[in-house]
Amino acid sequence: VQLQASGGGLVQAGGSLRLSCAASGRTFSWYDMGWFRQAPTNEREFVAGITWSGGSTYYGDSVKGRFTISRDNPKKMVYLQMNSLKPEDTALYYCAAVFRSTRGPSRRPDEYDYWGQGTQVTVSS
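Everything in this summary refers to the structure shown in the same document. (Residues numbered from 1 in each chain as written. Predicted model: local features only at pLDDT ≥ 70, side-chain atom pairs only at ≥ 80, totals over all residues. Heavy atoms only, no water.)

**Some details on the packing of aromatic side chains**
Then, in step 1: Evaluation of the coordinates by the stated rule reveals eight aromatic pairs.
Then, in step 2: Ring pairs connect the aromatic residues Phe36, Phe46, Tyr94, Tyr112 and Trp115, which therefore count as one cluster.
Then, in step 3: Over the ring of Phe28 we find Arg71; its NZ or CZ atom is 4.3 Å from the centre of that ring.
Then, in step 4: Lying across the ring of Trp52, Arg100 places its NZ or CZ 4.1 Å from the centre. (Phe/Tyr/Trp six-rings, centres within 6.5 Å; stacked < 30°, edge-to-face > 60°. Lys NZ or Arg CZ within 6 Å of the ring centre and 35° of its normal.)

**Re the state of the cysteines**
Then, in step 1: In this structure the tally under the stated criterion is one disulfide.
Then, in step 2: Covalent S-S linkage joins Cys21 and Cys95, the inter-sulfur distance amounting to 2.1 Å. Here the disulfide of Cys21 and Cys95 is right-handed, its torsion about the S-S bond being about 65°. Linking Cys21 in strand β3 (residues 17–24) with Cys95 in strand β9 (residues 91–99), this pair joins segments that are 74 residues apart in sequence.
Then, in step 3: With a relative accessible area of 1%, Cys95 lands in the buried category. (Disulfide = S-S within 2.5 Å. Helix = DSSP H or I, 4+ residues; strand = E, 2+ residues; numbered from the N terminus. Buried < 20%, exposed > 50% of the residue type's maximum accessible area, 1.4 Å probe, protein only.)

**Considering the sheet that holds strand β1 (residues 2–6)**
Then, in step 1: With respect to topology, four strands assemble into an open sheet ordered β1-β3-β8-β7, the strand pairing being antiparallel. With one partner strand each, in any of the chains shown, β1 and β7 (67–72) form the two edges of the open sheet. With strand direction ignored, the average angle separating the axes of adjacent strands in the sheet is 15°.
Then, in step 2: In the sheet, β7 pairs with strand β8 (residues 77–82) via six bridges, with the strands oriented antiparallel. Of the residues in β8, the one forming a bridge with Ser70 is Tyr79. (Pairing = 2+ DSSP bridges. Axes fitted to C-alpha atoms, helices over the stretch in contact; angles between N-to-C directions.)

**As for the pairing of β8**
Then, in step 1: Counting buried positions along β8 gives five out of six residues, so the element sits mostly inside the fold.
Then, in step 2: Direction of pairing for β3 relative to β8: antiparallel, over a ladder of six bridges. In the sheet register, Ala22 faces β8, and the bridge partner there is Met77.
Then, in step 3: Counting the residues that bridge the hairpin from β7 to β8 gives four residues, and of these Lys76 lies at a positive phi of roughly 55°.

**Topic: the nonpolar core**
The tendency in soluble globular proteins is for nonpolar side chains to be buried side by side.
Then, in step 1: Counting 30 residues, the largest nonpolar core has Met33, Trp35, Leu80, Met82 and Tyr93 as the members making the most contacts within it.
Then, in step 2: Judged by nonpolar contacts, the second largest core, of five residues, contains Phe36, Ala96, Val98 and Tyr112. (Core = buried A, V, L, I, M, F, W, Y, C linked by side-chain atoms within 4.5 Å.)

**Considerations on the environment of Val121**
Then, in step 1: Inspection of the secondary structure assignment puts Val121 in strand β11 (residues 119–124).
Then, in step 2: Judged by its relative accessible area of 0%, Val121 falls in the buried class.
Then, in step 3: Separated by 40 residues in the primary sequence, Val121 and Gln81 place their C-alpha atoms 12 Å from one another.
Then, in step 4: For Val121, the residues in contact, after removing those within four places along its chain, are Gly8, Gly9, Leu17, Leu19, Met82, Asp89, Thr90, Ala91 and Tyr93. (Contact = heavy atoms within 4.5 Å.)

**Points about the side chain of Ser20**
Then, in step 1: Relative to the elements of secondary structure, Ser20 occurs in strand β3.
Then, in step 2: If near-sequence neighbours (up to four positions away) are discounted, Ser20 is found in contact with Gln4, Ala5, Ser6, Trp35, Met77, Val78 and Tyr79.

Laid out in structure tokens, this is it:
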């Protein structure tokens, strides 16, 4: 699976952005998908995950209630709608794919099989 993330940019605190992740290659619906982020000097952090069917979603505590993950399997796309952005959301955002399992998408980045190149999100105060 090849992944291409896009949609990052500079936004003021309280604003919104929508990230997109385009997949190509192997059957997209075989994979649970996740969004992660990494700020300078920080570890890669789980932001959100979605099961292969889109039936279940999971969020990191810091984004719960503000971010929404979704997917469109026929289009091979995953989205991250980010509302009420805060300066602490500033990071490089990655989409990632992990072969689907009954556990759902892992929160551990080392368990993911494929990664996109990252898109920068900067939130100004």
